[in-house]
Amino acid sequence: MNQIPPVNLARQHQLIREETEAAVLEVLSSGRYIGGAVVSEFERQFASYVSVSECVACNSGTDALYLALRALNIGQGDEVITTSFSFFATAEVITRTGATPVFVDIDPQTFNIDVDRIESVITSKTKAIIPVHLFGQPTDMNAVMAIARSYNLFVIEDCAQATGARWQGKPVGSIGHIGCFSFFPTKNLGACGDGGAITTNDRAIAASIRTLKEHGMSDRYRHDAIGLNSRLDTIQAAILQVKLRYLDRWNQQRTEIAAIYDRLLSLLPGIELPQTLANSKHVWNQYTIRIKDKEEDSQPYRDIVRVKLQQMGIISMVYYPIPLHLQPVYKDLGYQTGQLPTVEQAAREVLSLPMFPDLSFEEQQQVVYSLKDCLN
Ligand SMILES: *Cc1c(COP(=O)(O)O)cnc(C)c1O
């Protein structure tokens, strides 16, 4: 029996091999490997894709988030509100600026920040909110922006898993003050290495990020801030220009695959299927189900199912087994187990099934049959 991985990037590469290789070879022959027209052209194309006026490319989604916070002068003494259910980088960058992350529980339907719980954690120190469009599904941005307006807060959208998603017709990354994207290979728009970008309609913010991402250099060898070295490689920009042309098609394929999973899994007891909000376009970076827990305090039943699936050749993933507020490194923030119960339950129950644009129907059937076997 052939194994089904969570993603298969080699298969995707075969579809665009000639174009991608030509683009890479052109950069290699040009002799220009840092910056240049290829990077600025990608920035222009990506800004247009997200419907914003400014895009600054950088080295990763993590750097994009960090640069966004720095450009807004967030640091020591400030608080930044975010969800407890995300990749660690979302919180890590807050801490790295010197500010304190404040974690909010999630909405059990979408796994995104529970917008009804944001106001209760706002203090005089709060400077910004970072909603994360987890698994490719937009957060309720109407609610987030309304709160931000009434308390005068910045909004930085973590769009790492949601390139191409839309909230009420608007691309994610164009709604808050800043959008942060990752081009890590497994994201919806993935490079062949690391990459990231910031989107905004604010020219001053974009200019500040351009300075910060190059050692805080405002003029040649004149430094106004302690920054980073965070560039999108020219080769990666060339690859991303090719892949951006396919992104909508790939996101459409992901949507069709999600609909097939929904159908094939619909009558299976003991699991819950992902739910989507009306008026939003989910781009399915992950198809994440819940394996309902059988007994509190023991090992999550999900873990047992996952091992059985693996023995049958189906590699599933757990995003994420530990909520951010319970990460060992954040012990000193003083959160207790049980404090954010919805995210803690999700961390025990979530299971992401294989999901990539060219996953075949036969492979999906194999995933579903195996899952049925495991649950019996
Ligand atoms: C991937 C990811 C990041 C970090 O992006 P990198 O490019 O890997 O640095 C940040 N936030 C979320 C939600 C992510 O999924």
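Residues numbered from 1 in each chain as written. Predicted model: local features only at pLDDT ≥ 70, side-chain atom pairs only at ≥ 80, totals over all residues. Heavy atoms only, no water.

The name given to the protein chain in an unreviewed UniProt entry is Cys/Met metabolism pyridoxal-phosphate-dependent enzyme, with the source organism recorded as Hydrococcus rivularis NIES-593. Note on the protein chain: under the UniProt heading Sequence similarities (unreviewed entry), the record states "Belongs to the DegT/DnrJ/EryC1 family." (UniProt positions renumbered as here; feature names shortened; annotations may be inferred.)

For the rest of this paragraph, the subject is the layout of surface pockets. Any space left empty among the atoms is revealed by the rolling of a water-sized probe across them. Here the largest pocket defines a volume of roughly 420 Å³. Taken together, 21 residues line the largest pocket, and the ones lying closest to its centre are F87, S182, F184, K187 and Y320. Residue assignment for the lining of the largest pocket shows that the elements contributing at least two residues are α4 (61-71) and α5 (89-97). At three residues, the largest contribution of residues to the lining of the largest pocket is made by α4. Lining the lining of the largest pocket are residues from two domains, each supplying at least three of them: domain 1 (9-104 + 111-244) and domain 2 (247-375). Lining the second largest pocket are R32, I34, G35, G36, V39, S40, E43, R210, K213, E214, R231 and L232. Sorting elements by how many residues they give to the lining of the second largest pocket places helix α3 (residues 37-50) first, with three residues. When the residues that make up the lining of the second largest pocket are grouped by side-chain class, the tally is three nonpolar, three polar and six charged. (1 Å grid on protein atoms, 1.4 Å probe; cavity = no way out; pocket = protein on both sides within 12 Å on 5 of 7 lines; lining within 4 Å. Points joined across faces, edges and corners; volume = space filled by probe spheres on them. Helix = DSSP H or I, 4+ residues; strand = E, 2+ residues; numbered from the N terminus. Domains from an automatic or database assignment. Nonpolar A, V, L, I, M, F, W, Y, C, P; charged D, E, K, R; others polar.)

On the secondary structure map, E256 appears in helix α9 (residues 247-265). C-alpha separation for the pair E256 and I226, spaced 30 residues apart in sequence, amounts to 46 Å.

Throughout the structure, instances matching the rule amount to 14 salt bridges. One salt bridge in this structure joins E363 and R11, with 2.8 Å as the shortest N-O distance. Pair noted here: E363 is in helix α12 (residues 361-375) and R11 is in helix α1 (residues 9-15), with a separation of 352 residues, a long-range link. Judged by its relative accessible area of 8%, E363 is buried. A salt bridge links R117 to D114; its shortest N-O distance comes to 3.0 Å. (Salt bridge = Lys/Arg side-chain N within 4 Å of Asp/Glu carboxyl O. Buried < 20%, exposed > 50% of the residue type's maximum accessible area, 1.4 Å probe, protein only.)

Near the ligand there are 15 residues, and of these G61, T62, Q161, S182 and K187 occur at the shortest range. A distance of 2.8 Å separates an oxygen atom of the ligand from a polar side-chain atom of Q161. In the complex, 92% of the free accessible area of the ligand, which totals 380 Å², lies under the protein chains. Taken atom by atom, the bulk of the ligand overlaps the largest pocket. For the shell around the ligand, the element with the highest residue contribution is α4, accounting for three residues. Grouping the constituent residues of the shell around the ligand by class yields five nonpolar, eight polar and two charged. (Near = heavy atom within 4 Å. Polar contact = N/O pair within 3.5 Å; in protein donor to acceptor, adjacent residues only side chain to side chain. Areas by Shrake-Rupley, 256 points an atom, 1.4 Å probe, with all protein chains shown as cover. Sits in = over half its atoms within 2 Å of the grid points.)

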